[in-house]
Amino acid sequence: MPAPAVWTALADPHRRAIVALLLERPRPVGEIVEACGLSQPSTSKHLRVLREAGLVDVEQEAQRRVYRLEPGPVAELDAWLEPYRRLWNDRLDALGRRLDAHAPEDDEPAKD
């Protein structure tokens, strides 16, 4: 099961937006600030929470701090969610079969 800090970090919509940005590629803080529309101090606080949860790592490149997503905790979340994903897929498949079985025939006029 993923660490409680991972769940806490991902509970915030701003931090989820940062994770989504970093999913595309590593980014310097300035890019994250601009893309999220948050202040630099607020963005830094969110990045600190994500870093402490192990979701992101930071690397100093000259004068820039570049953040990247850490795949380990994300893979752990994915593995934990797998049984639930299968449950929902099975249920949605069953719903689709039921709807298909009760769908009107193409040659019947629509009822209003």
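Before reading further, recall that the structure is shown in the block above.
Residues numbered from 1 in each chain as written. Predicted model: local features only at pLDDT ≥ 70, side-chain atom pairs only at ≥ 80, totals over all residues. Heavy atoms only, no water.

(A) View of the packing of aromatic side chains. Counting across every chain of the model gives 2 aromatic pairs. Pairing Trp7 with Trp80 gives two aromatic rings, centres 5.1 Å apart and planes at 75°, and the pair type is edge-to-face. On the criterion of sequence distance, the pair formed by Trp7 in helix α1 (residues 4-10) and Trp80 in helix α5 (residues 71-101) is long-range, its members being 73 residues apart. Classification of Trp80 as partly exposed rests on a relative accessible area of 27%. (Phe/Tyr/Trp six-rings, centres within 6.5 Å; stacked < 30°, edge-to-face > 60°. Helix = DSSP H or I, 4+ residues; strand = E, 2+ residues; numbered from the N terminus. Buried < 20%, exposed > 50% of the residue type's maximum accessible area, 1.4 Å probe, protein only.)

(B) Seen up close, the pairing of strand β3 (residues 64-69). Note: strand β1 (residues 27-28) against β3, 2 bridges, orientation antiparallel. The residue of β3 that forms the bridge with Arg27 is Tyr67. The pairing of strand β2 (residues 56-61) with β3 spans 6 bridges and is antiparallel. Paired with Val58 across the two strands is Tyr67, which belongs to β3. Once β2 ends, the chain turns through 2 residues before running back antiparallel as β3, passing Ala62 with a positive phi of about 55°. (Pairing = 2+ DSSP bridges.)

(C) Focus on the sheet that holds β2. As summarised here, the arrangement of the 3 strands in space is β1-β3-β2, forming an open sheet in which the pairing is antiparallel. Edge positions in the open sheet fall to β1 and β2, since each of these has one partner strand only.

(D) Looking closely at the environment of Asp90. Checked against the element boundaries, Asp90 lands in helix α5. For Asp90 and Asp12, which are 78 residues apart along the polypeptide, the C-alpha to C-alpha distance reads 30 Å.

(E) Molecular detail of the nonpolar core. The biggest cluster of nonpolar side chains holds 17 residues, and the ones touching the most others in it are Leu22, Leu50, Leu55 and Tyr67. Those elements that provide at least two residues to this core are α1, α2 (13-24), α3 (29-36), α4 (40-52) and β3. For Leu55, the contacting residues outside a window of four places in its chain are Val6, Ala9, Leu10, Leu50, Arg68, Leu69, Glu70, Pro73 and Val74. (Core = buried A, V, L, I, M, F, W, Y, C linked by side-chain atoms within 4.5 Å. Contact = heavy atoms within 4.5 Å.)

(F) The packing of α2 against α3, seen in detail. Packing of α2 against α3 leaves a shortest axis separation of 11 Å and a crossing angle of 125°. Taken together, the axes of α2 and α3 lie oblique to each other. Taken as a pair, α2 and α3 cross one another with a handedness that is right-handed. Residues Ile18, Leu21 and Leu22 of α2 pack against Ile32, Ala35 and Cys36 of α3. (Axes fitted to C-alpha atoms, helices over the stretch in contact; angles between N-to-C directions. Parallel < 35°, antiparallel > 145°, perpendicular 65-115°, else oblique. Left-handed = near helix turned anticlockwise from the far one by under 90°.)

Functional significance is not addressed by these values, which are geometric in nature.
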